[in-house]
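Spelled out from the first residue to the last, the chains are:
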Amino acid sequence: MLYRPNTLWTWIFFVSTFIEAVVLITLEVVIYTSLQNSVTPIASTVTAYRSIPSFFALVTLGLVYQLLLVYDTLAHQNTIQVIGLGIYSGALSVYNGIQYNQLRDIVEILTANSVVPQNTWPLLRGMIVSIIVITASFTFWIQYSAWKLYEEFAWVTLRKVEADLQMRRRYLCFQLLLSVLKFDGFFFLGFLLQLAIIPYNKSGPTFVAIVTLIPLSCCLLFITAWVVRHEYRVGTIVISLDQVFHLALIGFFIYMFTAFYLPRTYVEYLSAQRTLSFFGIITIVLALGTVTMICVCFRNFGQGLRPYVSGGAKARLLGETFEMQLREGYLRVPHEAT
């Protein structure tokens, strides 16, 4: 059954992010279409031109992904993810600022090569500034809304784990890992897509490795969440291999990050060096955080958390039983005479 917002702030949070996504995607489409319509046929021969589609594709993907995360956060009432959405929105705002400088430099190169008309940048600048202002404004609004939602969801977390302090800590660690994995999905995919789109040579071993890693990294994130959620015995082995794969992925990310600054590949990645560096740093930090949280959650295996996070009928039954206990306990409390 599909989730539907049921409180004032859940509706405000969902509608706000939806409006932001529609407005910003519309502006991105207008900017990209205007730019594409103004280029000459020789544009494909200019290295800087190849990075343009990745800029607009990433912003659109980021906004759509944000909407999916908002829905998932509200449906699961995830307190950690609410905070993460505020940070995620801030990251998109920073990316739009970087996009402004990067796109300005690219348009200047295209203008110098007679690929676009001289007045192209002045026409685009106003819309790009509008995107930055709207994103920054919505970031503050989303963070305020997230704060109000956190107050609502904190009580839900307390009820789920029967107010036991140790169990609350384990549950929050589980929530944190799931949230990190969900944000990993966008930044891993965004980083790898840029690496696949920008290079001119699309037949070398590095390109093949990047294309192969796109579906593999997504599968790795799903497997990690599944193993931690169910705590199967075989999961001990799987999660050990999972950490090895995550470490290997971190090594590849670091290798590609250094490639942006190597003499032999510097020119190829120069047009998108800032955005690649931005995504590369966040991706590496998130990957390291993922490995750390996997280790923490692994230590919590077998300590009674599984029934609350497995998502099965037993978990729902425990939740309903505990709500009944809360109501009965409240009725037994003597009330002061008025």
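Computed from a predicted model, the values in this text were never measured in an experiment.

Rules used in this analysis
Residues numbered from 1 in each chain as written. Predicted model: local features only at pLDDT ≥ 70, side-chain atom pairs only at ≥ 80, totals over all residues. Heavy atoms only, no water. Phe/Tyr/Trp six-rings, centres within 6.5 Å; stacked < 30°, edge-to-face > 60°. Helix = DSSP H or I, 4+ residues; strand = E, 2+ residues; numbered from the N terminus. Buried < 20%, exposed > 50% of the residue type's maximum accessible area, 1.4 Å probe, protein only. Axes fitted to C-alpha atoms, helices over the stretch in contact; angles between N-to-C directions. Parallel < 35°, antiparallel > 145°, perpendicular 65-115°, else oblique. Contact = heavy atoms within 4.5 Å. Nonpolar A, V, L, I, M, F, W, Y, C, P; charged D, E, K, R; others polar. Core = buried A, V, L, I, M, F, W, Y, C linked by side-chain atoms within 4.5 Å. Domains from an automatic or database assignment. 1 Å grid on protein atoms, 1.4 Å probe; cavity = no way out; pocket = protein on both sides within 12 Å on 5 of 7 lines; lining within 4 Å. Points joined across faces, edges and corners; volume = space filled by probe spheres on them. UniProt positions renumbered as here; feature names shortened; annotations may be inferred.

## As for the packing of aromatic side chains
Point 1. A complete count under the given rule lists 19 aromatic pairs for this structure.
Point 2. Centroid distance Trp9 to Trp141: 6.0 Å. Interplanar angle 45 degrees. Geometry classified as tilted. Placement of Trp9 in helix H1 (residues 8-38) and of Trp141 in helix H4 (residues 120-160) is noted, with a sequence separation of 132 residues between them.
Point 3. Between the aromatic rings of Tyr88 and Phe183, the centroid separation amounts to 5.7 Å while the plane-to-plane angle is 35 degrees, which identifies the pairing as tilted. Of this pair, Tyr88 sits in helix H3 (residues 79-112) while Phe183 sits in helix H5 (residues 165-197), and the two are 95 residues apart along the sequence.
Point 4. Since its relative accessible area comes to 2%, Tyr88 is described here as buried.
Point 5. Of the residues examined, Phe183 reaches a relative accessible area of 8% and is grouped as buried.
Point 6. Ring pairing ties together the aromatic residues Tyr65, Tyr88, Tyr95, Phe183, Phe186, Phe187, Phe278 and Phe279, which thus form one cluster.

## A short note on the packing of H3 against helix H9 (residues 273-299)
Point 1. Between H3 and H9, whose axes approach to 8 Å, the crossing angle comes to 155 degrees. With respect to H9, the axis of H3 lies roughly antiparallel. Contact residues: Ala91, Val94, Tyr95, Ile98, Asn101, Gln102 and Asp105 in H3; Gln273, Arg274, Thr275, Phe278, Phe279 and Ile282 in H9.
Point 2. Looking at side-chain class alone, the contact of H3 with H9 contains seven nonpolar, four polar and two charged residues.

## Brief notes about the side chain of Ser145
Point 1. With respect to the secondary-structure elements, Ser145 resides in helix H4.
Point 2. Exposure remark for Ser145: the relative accessible area of 1% places this residue in the buried category.
Point 3. In contact with Ser145, not counting residues within four places along its chain, are Trp9, Ile12 and Phe13.

## Focus on the nonpolar core
Point 1. Residues Leu103 and Leu195 are the most contacted members of the largest nonpolar core, which totals 87 residues.
Point 2. Counting residues per element, the ones that place at least two in this core are H1, helix H2 (52-76), H3, H4, H5, helix H6 (205-230), helix H7 (234-259) and H9.
Point 3. No other element matches the 13 residues that H5 contributes to this core.
Point 4. Residue contributions to this core reach at least three from each of two domains, namely domain 1 (7-159) and domain 2 (179-329).
Point 5. Leaving out residues up to four positions away in the same chain, Leu195 has contacts with Ile210, Met256, Phe260, Tyr269 and Leu276.

## Overview of empty space enclosed by the protein
Point 1. Taken as a whole and assessed by the stated rule, the structure comprises two cavities of 30 Å³ or more.
Point 2. Here the second largest cavity is characterised by a volume of approximately 40 Å³.
Point 3. Every residue along the wall of the second largest cavity is listed here: Glu20, Leu24, Val59, Leu63, Leu92, Tyr95, Asn96 and Thr135.
Point 4. Broken down by secondary-structure element, the contributors of at least two residues to the lining of the second largest cavity are H1, H2 and H3.
Point 5. When residues of the lining of the second largest cavity are assigned to their parent elements, the largest contribution, three residues, is made by H3.
Point 6. Counted by class, the lining of the second largest cavity contains five nonpolar, two polar and one charged residues.

## Quick notes on the UniProt feature "transmembrane region" (unreviewed entry) in the protein chain
Point 1. In this numbering, the UniProt entry assigns the feature "transmembrane region" (unreviewed entry) to residues 12-32, 52-71, 78-98, 123-142, 176-200, 206-228, 244-263 and 275-298.
Point 2. Spanning residues 78-98, this segment combines 95% helix with 0% strand, and its end C-alpha atoms are found 30 Å apart.
Point 3. As annotated, residues 123-142 comprises 100% helix and 0% strand, and the C-alpha atoms at either end are separated by 30 Å.

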